[in-house]
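Results of the structural survey
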Amino acid sequence: QLQSKILILTICAAGIGGTFQYGYNISIINAPTSYIQMFMNKTWLERTGVPLESNTILLLWSFTVSAYPLGGLTGAVVAGPMAIMLGRKMSLLLNNVFVITAAVLSGFSRMAKSFEMIMLGRFFTGVNAGVSMNIQPMYLAESAPKELRGAVALTSALFTALGLVLGQVVGLRELLGGEESWPFLLASNVVPALIQLTALPWFPESPRYLLIDRGDRESCISALQKLRGNGDLSAELEEMLAEQAAVKGQRAKNPWELFQNPALKWQLMSIVVLSSAMQLCGNDSMYFYAAYVFQEAGIPQDKIPYVVIGTGSCELITSVTCNMIIDYAGRRLLLLGGYIFMAGWAIVFMVALSQQTQISWMPYLSMACIFAYILSFGIGPAGVTGVLPTEVFDQMSRPAAYMICGSLLWLNLFLVGTAFPFIVKSLAHFCYIPFFVVCVCTALYVWFFLPETKGKSFLEISEEFKKRNFKAQTHAVFYKGPEEIKSTML
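Computed from a prediction, not measured in an experiment: that's the story for all the values here. (Residues numbered from 1 in each chain as written. Predicted model: local features only at pLDDT ≥ 70, side-chain atom pairs only at ≥ 80, totals over all residues. Heavy atoms only, no water.)

Along the chain, the regular secondary structure elements total 24 helices and zero strands. A compact globule built from 490 residues should have a C-alpha radius of gyration of about 23 Å, and the chain, at 23 Å, falls within 12% of that. In terms of principal-axis extent, the alpha carbons of the chain reach across some 70 × 50 × 45 Å. Considering only contacts within the chain whose residues lie at least 6 apart along the sequence, 83% involve residues at least 24 apart. Counting 33 positive and 31 negative side-chain charges, the chain places the averaged centre of each group 3 Å from the other. (Helix = DSSP H or I, 4+ residues; strand = E, 2+ residues; numbered from the N terminus. Rg over C-alpha atoms; globule rule 2.2 N^0.38 Å. Contact = heavy atoms within 4.5 Å. Lys, Arg positive; Asp, Glu negative; His and termini not counted. Charge placed at Lys NZ, Arg CZ, Asp CG, Glu CD.)

Next up, the structure:
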């Protein structure tokens, strides 16, 4: 089974320098927070002779943290043109330049006595994550056989979760999270980049990109043979040629053209709703609460980082599970289940938080809620959301769709990161009400409007949406919604 080995190795080579970096860089910044703030104060004192006020330190720190999503947004916007002009594989390789630059800046920041270098480093790290979050799922879903497409594209979420956990582990005090070693911790993201630069060049470019974008049939067949072996490729090639014929004479679309095209109305609506919900559902904010809840549950202060690793591992375990079942259970079921469970846990969590001080066992319930919420997120929304743009858009619209998706993802990450402390302040224990509303609305949207894409070719999915887009003009869509969907469930 050499061919399945090659597909697995391609996935690993793309993932380690791709979405792995996103998860890794989100979690390594947490451990050295206090040391970097002290470094900012000390540097300022040496420069001006005046120490910084605590508010100013907090402001500088929030700039450092928000440089990451800002970079991510930039990365998401340049990812589309990169994927079209350079190809999927080349874009992933070039993308490592950003992270190597970031590692050099962060690694030498203390020596250069400059905290601005850390901010700039975080920005470049964000650009790297923004590009890979868009291009990696596209590259993998285009390289995978139809029956494995969901599972292969979902590995992007698996690598994110793996990065998250490894970042938490490396950030422990005993490893690189100590006061002396934080510049090395921030620069450690250079290792995955170097692994990718050595491994990925050996694997083929996306066969779909080679045939449909480049019109290079020979390269496409040789890439397919590398990925599938010398078996019968005629059916798969025929499907690609049909898609090539369907988009013949078109050029790659720009994001704004997708909004103007009535034939893409429901596809666009679906990815806008699901990409926004992925950040607005409150999963990342659970990590914000984790340390506080664990402290209340009586876990000693110095043991909390180890328990927090448990939350990251939760996401990793569910990503693996989701990977195994996505091509059996289908996309809709996992999304629906994920959001419905999250809505339920949000209510339990708010009740538990409000009774935290009154009832002795409540902190344990809120602890269970944190794990359950993260598990529910991992089982569906975390992975399926990234797969959908590849499946519901054709080759010419796909890069633009990922640009829209990625931009929304990072904008909302920035929004939630900025707004959440204020939400906590004003709603106290009921701070999960906005997230609860998001989960319920998303579940309703999936139930009524999202068709199943499991096991279908890209052209079949396109046809399915075409029916829906043009039925809308006869105003029958709202009545036909549920019946139409039932008939597509396999």
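Our focus in this paragraph is the nonpolar core. Ranked by internal contacts, the top residues of the largest apolar core, which has 72 residues, are Tyr339, Trp410 and Tyr432. The dominant element in this core, judged by the number of residues it contributes, is helix H18 (residues 331–354), at 10 residues. (Core = buried A, V, L, I, M, F, W, Y, C linked by side-chain atoms within 4.5 Å. Buried < 20%, exposed > 50% of the residue type's maximum accessible area, 1.4 Å probe, protein only.)

For Pro207, the position within the fold is in helix H11 (residues 207–213). Of the residues examined, Pro207 reaches a relative accessible area of 0% and is grouped as buried. Taking the C-alpha atoms as reference points, Pro207 and Glu142, separated by 65 residues in sequence, lie 7.0 Å from one another. Beyond its immediate sequence surroundings of up to four residues, Pro207 is in contact with Glu142, Ser143, Cys220, Ala223, Leu224, Leu227 and Met240.

Let us now look at the domain arrangement of the chain. If you check the domain split of the chain, you get domain 1 (1–203) and domain 2 (253–478). Computed over C-alpha atoms only, the centres of domain 1 and domain 2 are separated by 22 Å. The interface is formed by 41 residues belonging to domain 1 together with 44 residues belonging to domain 2. For the domain 1 and domain 2 pair, buried surface summed over both sides reaches about 3300 Å², with 70% attributable to carbon and sulfur atoms. In terms of surface lost to domain 2, no three residues of domain 1 exceed Arg149, Leu154 and Gln168, which account for 18% of the buried area on that side. Linking domain 1 to domain 2 there are two salt bridges. The interface formed by domain 1 and domain 2 holds seven residue pairs in polar contact (both at pLDDT 80 or more) in total. (Domains from an automatic or database assignment. Buried area = accessible area lost by both parts, 1.4 Å probe. Salt bridge = Lys/Arg side-chain N within 4 Å of Asp/Glu carboxyl O. Polar contact = N/O pair within 3.5 Å; in protein donor to acceptor, adjacent residues only side chain to side chain.)

Okay, the packing of aromatic side chains next. This structure, assessed with the given rule, holds 11 aromatic pairs. Both rings, one in Phe349 and one in Tyr432, keep their centres 5.4 Å apart while their planes meet at 80°; by these two values the pair is edge-to-face. With a gap of 83 residues between them, Phe349 in helix H18 and Tyr432 in the loop between helix H21 (398–427) and helix H22 (433–449) connect regions that are remote in the sequence. In terms of burial, Phe349 and Tyr432 fall into one category: buried. By way of ring pairs, the aromatic residues Trp266, Tyr445, Phe448 and Phe449 are connected into one cluster. Directly above the aromatic system of Trp182 lies the positively charged group of Arg110, at a separation of 5.5 Å from the ring centroid. (Phe/Tyr/Trp six-rings, centres within 6.5 Å; stacked < 30°, edge-to-face > 60°. Lys NZ or Arg CZ within 6 Å of the ring centre and 35° of its normal.)

Turning our attention to the environment of Ala112. Of note, Ala112 is situated in the loop between helix H6 (96–107) and helix H7 (116–143). Judged by relative accessible area, which is 44%, Ala112 ranks as partly exposed. Put simply, Ala112 and Ala14 are 98 residues apart on the chain and 33 Å apart in space, counted from C-alpha to C-alpha.

The next thing to look at is the pattern of salt bridges. Side chains that carry opposite charge are capable of pairing whenever their charged atoms lie near each other. One pass over the structure, following the stated rule, counts 14 salt bridges. The residue Arg398 makes a salt bridge to Glu243 at a minimum N-O spacing of 4.0 Å. Residue Arg398 is found in helix H21, and its partner Glu243 is found in helix H13 (residues 234–246); the two are separated by 155 residues along the sequence. By relative accessible area, which is 2% here, Glu243 ends up buried. One salt-bridge network, held together by shared partners, links Arg88, Glu142, Arg208, Glu239, Glu243 and Arg398.

Further remarks concern the side chain of Gln136. The topology assignment puts Gln136 in helix H7. Using a relative accessible area of 0% as the deciding quantity, one classes Gln136 as buried. Reaching out from Gln136, the side chain makes a polar contact with the backbone nitrogen of Thr19 at a distance of 2.7 Å. The contacts of Gln136, once residues within four sequence positions are left out, are Ala14, Gly15, Gly18, Thr19, Leu92, Ser156 and Phe159.

Positive phi outside glycine occurs at Lys113, with the angle close to 50°. Tracing the backbone shows Lys113 in the loop between H6 and H7.

Here the focus is the side chain of Ser114. Along the polypeptide, Ser114 turns up in the loop between H6 and H7. Ser114 sits in the buried class, given a relative accessible area of 12%. A polar atom in the side chain of Ser114 sits 3.3 Å from the backbone nitrogen of Met117. Once residues within four sequence positions are removed from consideration, Ser114 is found in contact with Phe39, Thr43, Arg47 and Ser109.

Right, let's talk about the state of the cysteines for a bit. Applying the stated rule across the entire model yields zero disulfides. Of all cysteine sulfurs in the structure, the one in Cys281 sits closest to Cys405, which takes part in no disulfide; the separation is 14 Å. Cysteine Cys441 remains unbridged, with the sulfur of Cys439 as its closest cysteine sulfur at 9.4 Å. (Disulfide = S-S within 2.5 Å.)

So, about a nonpolar patch on the surface. A surface patch of nonpolar side chains, about 450 Å² in accessible area, is lined by Met85, Leu86, Met90, Leu94 and Val97. When you line up the elements, Met90 lands in helix H5 (residues 88–94). Owing to a relative accessible area of 42%, Met90 belongs among the partly exposed residues under this scheme. (Patch = residues over 30% accessible without salt bridge, like charges linked within 9 Å, V, L, I, M, F, W, Y side chains within 5 Å. Areas by Shrake-Rupley, 256 points an atom, 1.4 Å probe, with all protein chains shown as cover.)

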